[in-house]
Amino acid sequence: MKVLVTGGAGYIGSHTVLTLLAENHSVVVFDNLCNSSIEAIKRVERLSGKSVTFIQGDVCDKAQLNELFIGHDIDAVIHFAALKAVGQSTQMPLEYYQNNVYGSLCLLEVMQLHQVNNFVFSSSATVYGEEAQPPYLETIKLGTTASPYGATKVMVERIIEDFVKANNAFRAVSLRYFNPIGAHESGEIGEDPLGIPNNLLPYIAQVAVGKRDKLSIFGNDYDTEDGTCKRDYLHVMDLAQGHVAALDWLENNPNFNGAEVFNLGTGNAVSVLEIVAAFEQAYGKTLAYEFAPRRSGDLPAFWADASKANSQLNWQAKRSLLQMMTDTWRWQSNNPNGY
Ligand code: NAD
Ligand code: UFG
């Protein structure tokens, strides 16, 4: 297939592009580089020995998207392009709704114009909201999300549902990611956040490489075995494979039209202290940390029921926690300042 990957220079996008190339898909990346570097694409080309068509542009720019679809015979779109910092979204809600919701509307509109009907959307476990009881199953009614970021994911899922009802030819898969971590095993591509990392693993990796003094663990008085929050961490290369599985599923189900959702997680919940211990194993030293107050909006524990992806997409997260840590550390120690 010829696959358009919006946001393909980003963390999950770059790993997915590499996986798509390995599966002999051809790839057009469309990214405005607001949170990424072109170096990621260069490294993907080097690792794969294949070339990627890169177009710098914004998904809110319909004219540019239109040009892209005129110039390339696209079979399917994987839509990663979005702003993703939960905390920042509470400070800049309008930018988040504009970029994530309006950007998706523009993309869908131009896809409709060009009758490109296969769509894979980056959703998130955050759509289950604060009231849902883990493990999260796709059939749980979507909840009230704690942030504008989360709200954009719920809204886009809803837009997709309505759009497929009105457009019989359109086929969409929303993938609800749990907590992607790790990096490609080469250590050449990985997560490269701007400024102070918000997420746990990038922060830990920067402490290990000496860029930060110590990790603050947000809360040790939760109702979990060791008092710290538990999440379902999955290797980014397993997640990348999940996108290929979703495309294969669309291809193998030509009569499907509609919108499907799949959780992509391991099904296991791991605490922050367990992550620290696993990282120390890969790192070979102890990691400096302190306990700090709870971070507002954090839920004590959630993890996926990933059995639907397992049975229908034939997908399973295979890489171990230790591999996630080893690959994170290889990436960070080889690239202490990112790209
Ligand atoms: P990322 O920031 O590394 O990648 C997003 C990419 O999209 C970046 O390259 C950025 O430059 C680009 N982009 C943003 N707005 C754009 C626009 N208007 N036009 C064109 N390009 C634009 O983030 P990521 O972690 O790779 O996340 C990818 C997707 O997965 C996002 O939709 C995110 O919300 C979703 N997601 C991520 C996580 C996670 O923990 N990383 C969890 C659940 C869902
Ligand atoms: N944590 C710390 N210290 C830090 C950073 C995080 O203790 O410096 C803790 C958090 O309190 C939480 C856990 O580590 O308990 C994981 O936090 P992350 O910020 O890495 O991940 P979240 O589960 O909060 O959120 C991530 C994405 C969301 C997405 C969600 C589910 O940032 O966009 O996973 O997919 F919605």
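Our structure's up above, just so we're on the same page.
Residues numbered from 1 in each chain as written. Chains lettered and ligands numbered in written order. Predicted model: local features only at pLDDT ≥ 70, side-chain atom pairs only at ≥ 80, totals over all residues. Heavy atoms only, no water.

## Description of the overall build of the chain
Piece 1. A tally of helices and strands in the chain yields eleven helices and 13 strands.
Piece 2. Radius of gyration (C-alpha) of the chain: 19 Å, near the 20 Å computed for a compact globule of 339 residues.
Piece 3. If you line up the chain on its principal axes, its C-alpha atoms span 55 × 45 × 40 Å.
Piece 4. Placing the 25 positive and 37 negative side-chain charges of the chain at their respective mean positions leaves the two points 2 Å apart. (Helix = DSSP H or I, 4+ residues; strand = E, 2+ residues; numbered from the N terminus. Rg over C-alpha atoms; globule rule 2.2 N^0.38 Å. Lys, Arg positive; Asp, Glu negative; His and termini not counted. Charge placed at Lys NZ, Arg CZ, Asp CG, Glu CD.)

## Topic: the pattern of salt bridges
Piece 1. Scanning the entire structure with this criterion turns up 15 salt bridges.
Piece 2. Here Glu 188 ties to Arg 46 by a salt bridge, and the two come within 3.1 Å at their closest N and O atoms. With a gap of 142 residues between them, Glu 188 in the loop between β7 (179-181) and α7 (200-208) and Arg 46 in helix α2 (residues 38-48) connect regions that are remote in the sequence.
Piece 3. Under the relative-accessibility criterion, Arg 46 is labelled exposed at 56%.
Piece 4. Between Arg 176 and Glu 157 there is a salt bridge, with its nearest N and O atoms 2.6 Å apart. Separated by 19 residues along the polypeptide, Arg 176 in strand β6 (residues 171-177) and Glu 157 in helix α6 (residues 148-166) bring together distant segments of the chain. In this pair, the class of Arg 176 matches that of Glu 157, namely buried.
Piece 5. Bridged by salt links that share partners, the residues Arg 158, Asp 162 and Lys 165 form one connected network. (Salt bridge = Lys/Arg side-chain N within 4 Å of Asp/Glu carboxyl O. Buried < 20%, exposed > 50% of the residue type's maximum accessible area, 1.4 Å probe, protein only.)

## Focus: the packing of aromatic side chains
Piece 1. As enumerated under the stated definition, the model contains 13 aromatic pairs in all.
Piece 2. Taking the centre distance of 6.0 Å and the plane angle of 80° together, the rings of Phe 279 and Trp 329 count as edge-to-face. One end of the pair, Phe 279, is in helix α9 (residues 272-283); the other, Trp 329, is in helix α11 (residues 321-334), with 50 residues separating them in the sequence.
Piece 3. Pairing Tyr 283 with Trp 329 gives two aromatic rings, centres 4.9 Å apart and planes at 80°, and the pair type is edge-to-face. (Phe/Tyr/Trp six-rings, centres within 6.5 Å; stacked < 30°, edge-to-face > 60°.)

## Re unusual backbone geometry
Negative phi values dominate among residues other than glycine, just as trans dominates among peptide bonds.
Piece 1. With an omega of 0°, the peptide bond between Pro 134 and Pro 135 qualifies as cis.
Piece 2. Among the structural elements, Pro 135 can be located in the loop between β5 (118-124) and α6.
Piece 3. Even without being glycine, Asn 24 reaches a positive phi, approximately 70°.
Piece 4. Take Asn 24: it is sitting in the loop between α1 (11-22) and β2 (26-31).
Piece 5. Despite not being glycine, Leu 33 shows a phi value in the positive range, around 60°.
Piece 6. With respect to the helices, strands and loops of the structure, Leu 33 is situated in the loop between β2 and α2.

## Side note on the site of ligand 1
Piece 1. For ligand 1, the set of nearby residues contains 26 residues, the closest of which are Asp 31, Asn 35, Ser 36, Phe 80 and Tyr 149.
Piece 2. Separating a nitrogen atom of ligand 1 from a backbone N or O atom of Asn 32 is a distance of 3.1 Å.
Piece 3. Between ligand 1 and Phe 80, the relevant distance is 2.8 Å, taken from an oxygen atom to a main-chain nitrogen or oxygen of the residue.
Piece 4. Protein chains bury 95% of the 820 Å² of accessible surface belonging to ligand 1 in isolation.
Piece 5. The set of elements that each furnish at least two residues to the shell around ligand 1 consists of α1, β5 and α6.
Piece 6. With three residues, β5 is the single largest residue contributor to the shell around ligand 1. (Near = heavy atom within 4 Å. Polar contact = N/O pair within 3.5 Å; in protein donor to acceptor, adjacent residues only side chain to side chain. Areas by Shrake-Rupley, 256 points an atom, 1.4 Å probe, with all protein chains shown as cover.)

## With respect to α2
Piece 1. Those residues of α2 that fall on the buried side of the exposure criterion are Ala 40, Ile 41, Arg 43 and Val 44. Mapping the buried residues of α2 onto a view down its axis gives an arc of 160°, with all of them on the same face.
Piece 2. Among the structural elements, α1, β2, β3 (53-56) and α11 are those in contact with the buried residues of α2.
Piece 3. Phi turns positive one or two residues past the end of α2, at Gly 49, with a value near 70°. (Arc of directions from axis to C-beta. Contact = heavy atoms within 4.5 Å.)

## Quick notes on the site of ligand 2
Piece 1. Neighbouring ligand 2 are 21 residues, the closest being Ser 124, Phe 178, Ser 216, Arg 231 and Asp 298.
Piece 2. Between Tyr 177 and ligand 2, the recorded distance is 3.0 Å, taken from a backbone N or O atom to an oxygen atom.
Piece 3. The fraction of the free accessible surface of ligand 2 (690 Å²) that becomes covered by protein chains is 90%.
Piece 4. The greatest single-element share of the shell around ligand 2, amounting to four residues, is contributed by strand β8 (residues 215-218).

## Brief notes about the side chain of His 184
Piece 1. Mapped onto the secondary structure, His 184 falls in the loop between β7 and α7.
Piece 2. For His 184, the contacting residues outside a window of four places in its chain are His 15, Leu 18, Leu 47, Ile 189 and Met 237.

## Side note on the pairing of β2
Piece 1. Taking burial as the measure, the six residues of β2 include five buried ones, the bulk of the element.
Piece 2. Across five bridges, strand β1 (residues 2-6) lies against β2 in parallel orientation. Residue pairing across strands places Thr 6 opposite Phe 30, the latter belonging to β2.
Piece 3. Chirality of the crossover, the property in question, places the unit of β1, α1 and β2 among those that are right-handed.
Piece 4. One ladder, built from four bridges, connects β2 with β3; its direction is parallel. Opposite Phe 30, over in β3, you have Ile 55 as the bridge partner.
Piece 5. Note on the crossover from β2 through α2 to β3: the handedness is right-handed. (Pairing = 2+ DSSP bridges. Right-handed = clockwise from strand over helix to strand, strands pointing away.)

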